[in-house]
Structure formats: structure tokens, C-alpha cells
Amino acid sequence: MTENLFTDRFAIFDENYKKITERIALAADKAGKQIDEITLLAATKTVPVEMINHAIDSGIKHIGENRVQEMMDKYDDFHKDECDIQFIGQLQSNKVKYIVGKVSQIQSVDSIKLAKEISRISKRENVTTKILVEVNIGKEESKGGVMPEALFEFIDEARSLENISINGLMAIPPICEDESELRRYFLAMREYYVDIMGKKLDNISMNVLSMGMSDDFDIAIECGANMVRIGSSLFGRRA
Ligand SMILES: *Cc1c(COP(=O)(O)O)cnc(C)c1O
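Report on the accompanying structure.

**A short note on unusual backbone geometry**
One non-glycine residue with positive phi stands out, namely Thr46, at about 65°. Relative to the assigned elements, Thr46 resides in the loop between β1 (39-43) and α2 (49-57). A relative accessible area of 45% places Thr46 in the partly exposed class. For Asn203, which is not glycine, the phi torsion reads 65° and is therefore positive.

What follows is the structure in C-alpha cells.
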């Protein structure tokens, strides 16, 4: 029975993956980019490890987990040799010790306290952890992320920390009524990204602009995203 269940879900994934790849190519083209300049990260919260490994075996090279406990439960079973694992969810400082050394990048760094703890644990473990600074681009109280007006100061402070390397920016814009509003948020992110890149600060590489999810990744790419994080459009709706 379970065998059949996954066979069906594998087929649905295969179809979704093909469609998403085509849409990424189209959006990349509109943005004047090659498809290989856009990184697809599969957001795998609540997705069983059998499905994730099928995705990896089908060519997914990056996955993102949201919850520390869930990631640890799945971690040993991931087909890790062919895929890198990142952390994309809200992270409490006291959980940093569980994921440093296991994930290649933490995408959701939004406080100096958290950055300091990642630095401390990374130093202890003798690794360098790449981080993205999450920006609360819509200034929503309910969301994490550094406020846009505090971004430069945040980056300037965080870049002096040892054993972390600031690798780019990440954002989840507000739910927007219309597309032009959404585009404004994405374009604002791109402007911060380009501005910071232009400053050529030590220990800062603006390599990744991570924005766009299932419902808006085409627009995000058109506005400058070079990494999209896609969950439900690949794996199906979460239960
Ligand atoms: C779940 C999640 C995604 C993917 O969302 P979908 O709408 O399912 O594509 C992307 N980024 C983060 C941080 C997430 O938690």
C-alpha cells in the first residue's frame, strides 16, 4: 500500500518538477539570465524523506528545512552526497548548536544575537557557516527579518563575526492584492542587494538573493531573484 502511495506521489512530483523547471527557464529568460544562474531550492517541510530522496535522485540539488527537530529526524536518511541542505525557517539561538555543520547555509538570520551564536558554534566546530540576512521587506510585525532601515547597520555589525560568511539576502514579502505591489517589494530587495554588493565590504559576498515561493517565483526571478524556494508546487499541498 505505502509503496503505491509513493509511486503516485513520485509521478506527481516528476510532472511538477518539469513544469517548474520550464517556468524558471521562461522567467530567467525574461530577466536576461541563463537558467543555470537560478538556483532552485526545494522547501521540504512536512515532506517525508522518501519523497525528498526521490526529488534528490531526480536532480534537486538543494533542499531547505524549516524546523530544527524535523530536520534532525530526517537528517540521517537524506541522500546527502548529491544534495546540499540549508535551513530556511525561524531559528532560535538555543537550537543553533544542532544544525551548524549539518547545513551549508542558514537563510533566516535576523538578529545579532542569532548571528553571534552561529559564529560561536561555528568556531567551536571549526567550520564557516554561510548565512543570508532575512529582511522584513513588508515591515510586518508578525514576520521575522531585519527591518530595511536597519539593514546596513546590521550587516556592518555582523560582518566582523568570525566563522560566518554573509552570502546574500532573503525575504518573504507580504501577501499582496496585486502584482505591481508584489513587484515593488521584490525590486526593493534587489536594490538593497545591489547597493550592498556595490559597497564591496570585507566578509560580505552578495551571491544569493533568495526570494520567490510557489505562488510568486516567476515574478521574483523577473525582479532579480537568483534563488527560489519552492515547496507545495513541487510536492503538493501540505497536509
Ligand atoms: C514553506 C516555505 C517555502 C515554500 O513555500 P511554498 O509556498 O510551499 O512554495 C519557502 N520559504 C520558506 C521560508 C518556507 O517556510
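**Topic: helix α7 (residues 179-199)**
Between its terminal C-alpha atoms α7 stretches 31 Å, which fits the 30 Å expected from 21 residues at 1.5 Å a residue. Burial in α7 covers these residues: Leu182, Phe186, Met189, Tyr193 and Ile196. End-on, the buried residues of α7 take up no more than an arc of 85°, which puts them together on one face. Among the exposed residues of α7, those oriented more than 90 degrees off its buried face are Arg184, Glu191 and Gly198. Where α7 ends, the next residue or the one after it, Lys200, has phi of about 45°, a positive value.

**Here's the deal with the site of the ligand**
Near the ligand, the surroundings consist of Ala43, Lys45, Asn66, Ile88, Ile172, Met213, Ser214, Arg229, Ile230, Gly231, Ser232 and Arg238. Contacts to the ligand include Arg238, whose side-chain N or O atom sits 2.8 Å from an oxygen atom. When the ligand sits alone it has 390 Å² of accessible area, and the protein chains cover 90% of it. Residue composition of the shell around the ligand, grouped by class: five nonpolar, four polar and three charged.

**With respect to the packing of aromatic side chains**
Counted under the stated rule, the structure contains four aromatic pairs. Ring-pair connections join several aromatic residues into one group, and the members of that group are Phe13, Tyr17 and Phe235. Geometry around Tyr75 places Lys102 over its ring, the cationic atom sitting 5.4 Å from the centre. The lysine or arginine in question, Lys199, covers the ring of Phe152, its NZ or CZ lying 4.7 Å from the ring centre.

**What about the pattern of salt bridges?**
Summed over all chains, the structure comprises 15 salt bridges. Linking Glu149 and Lys139 is a salt bridge whose minimum nitrogen-to-oxygen distance equals 3.2 Å. Highlighted residues: Glu149 in the loop between β5 (129-135) and α6 (151-158) and Lys139 in the loop between β5 and α6, separated in sequence by 10 residues. When its relative accessible area of 57% is taken as the criterion, Glu149 is described as exposed. For Glu222, the salt bridge identified is with Arg183, shortest N-O distance 3.1 Å. With Glu222 in helix α8 (residues 217-222) and Arg183 in helix α7, this residue pair connects regions lying 39 residues apart in the sequence. Residue Arg183 is classed as partly exposed on the basis of its relative accessible area, which comes to 25%. Among the ionic contacts, a cluster of salt bridges with common partners joins Lys30, Glu179, Arg183 and Glu222.

**Here's the deal with the nonpolar core**
Counting 70 residues, the largest nonpolar core has Ile60, Ile63, Ile106, Ile118, Ile155, Leu169 and Leu234 as the members making the most contacts within it. It is helix α1 (residues 2-30) that provides the largest number of residues to this core, a total of seven residues. What Ile118 contacts, discounting residues up to four positions off in sequence, is Val96, Val100, Ile106, Val109, Thr129, Ile131 and Ile164. If you look at the next biggest cluster of nonpolar residues, it comprises seven residues, including Leu41, Ala43, Val208 and Met227.

**Thoughts on the pairing of strand β8 (residues 227-230)**
Of the two faces of β8, both are covered, the one formed by Met227 and Arg229 as well as the one formed by Val228 and Ile230. As paired elements, β1 and β8 share four bridges and run parallel to each other. Across the sheet, Thr39 pairs through a bridge with Met227, a residue of β8.

Conventions we followed
Along each chain, residues carry numbers from 1 onward, in the same order as the chain's sequence is written. The model is predicted, so local features are restricted to residues of pLDDT at least 70 and side-chain atom pairs to those at 80 or more, both for listing and for counting; the totals for chains, interfaces and linings are taken over all residues. The basis for every side-chain value is the complete set of heavy atoms in the structure, and neither hydrogens nor water enter the calculation. In this text, helices come from DSSP runs of H or I with a minimum length of four residues, and strands from runs of E with a minimum of two, each type numbered from the N-terminal end. Burial classification: accessible surface area is computed with a 1.4 Å probe over protein chains only, and a residue below 20% of its type maximum counts as buried, one above 50% as exposed, and the rest as partly exposed. Here a helix's expected span is defined as the number of its residues, less one, multiplied by 1.5 Å. Arc definition: directions from the helix axis to the C-beta atoms. A single heavy atom is enough: if one lies within 4 Å of a molecule or strand, its residue is considered near that molecule or strand. As used in this structure description, the phrase polar contact means that two N or O atoms lie within 3.5 Å; if the pair is within protein, one of them must be able to donate a hydrogen and the other to accept it, and residues adjacent in sequence are counted only when both atoms belong to side chains. Working definition of accessibility: Shrake-Rupley area with a 1.4 Å probe, residue cover restricted to the visible protein chains. Note on residue categories: nonpolar means Ala, Val, Leu, Ile, Met, Phe, Trp, Tyr, Cys or Pro, charged means Asp, Glu, Lys or Arg, and polar means any other residue, Gly included. What counts as a ring pair is set by centres within 6.5 Å for rings of Phe, Tyr and Trp (its six-membered ring), and what kind of pair is set by the plane angle: stacked under 30 degrees, edge-to-face over 60, tilted for all other angles. For a ring to carry a charge above it, either NZ of a lysine or CZ of an arginine must fall within 6 Å of the ring centroid while also lying within 35 degrees of the normal to the ring plane. Salt bridge, as used here, is a side-chain nitrogen of Lys or Arg placed within 4 Å of a carboxyl oxygen of Asp or Glu. Nine residue types can take part in a nonpolar core, namely buried Ala, Val, Leu, Ile, Met, Phe, Trp, Tyr and Cys, and a core is a set of them joined through side-chain atoms within 4.5 Å. Pairs of residues are marked as contacts when any of their non-hydrogen atoms sit within 4.5 Å. DSSP calls a pair of strands paired once it identifies at least 2 bridges connecting them.

Distances and angles like these do not, on their own, reveal function.
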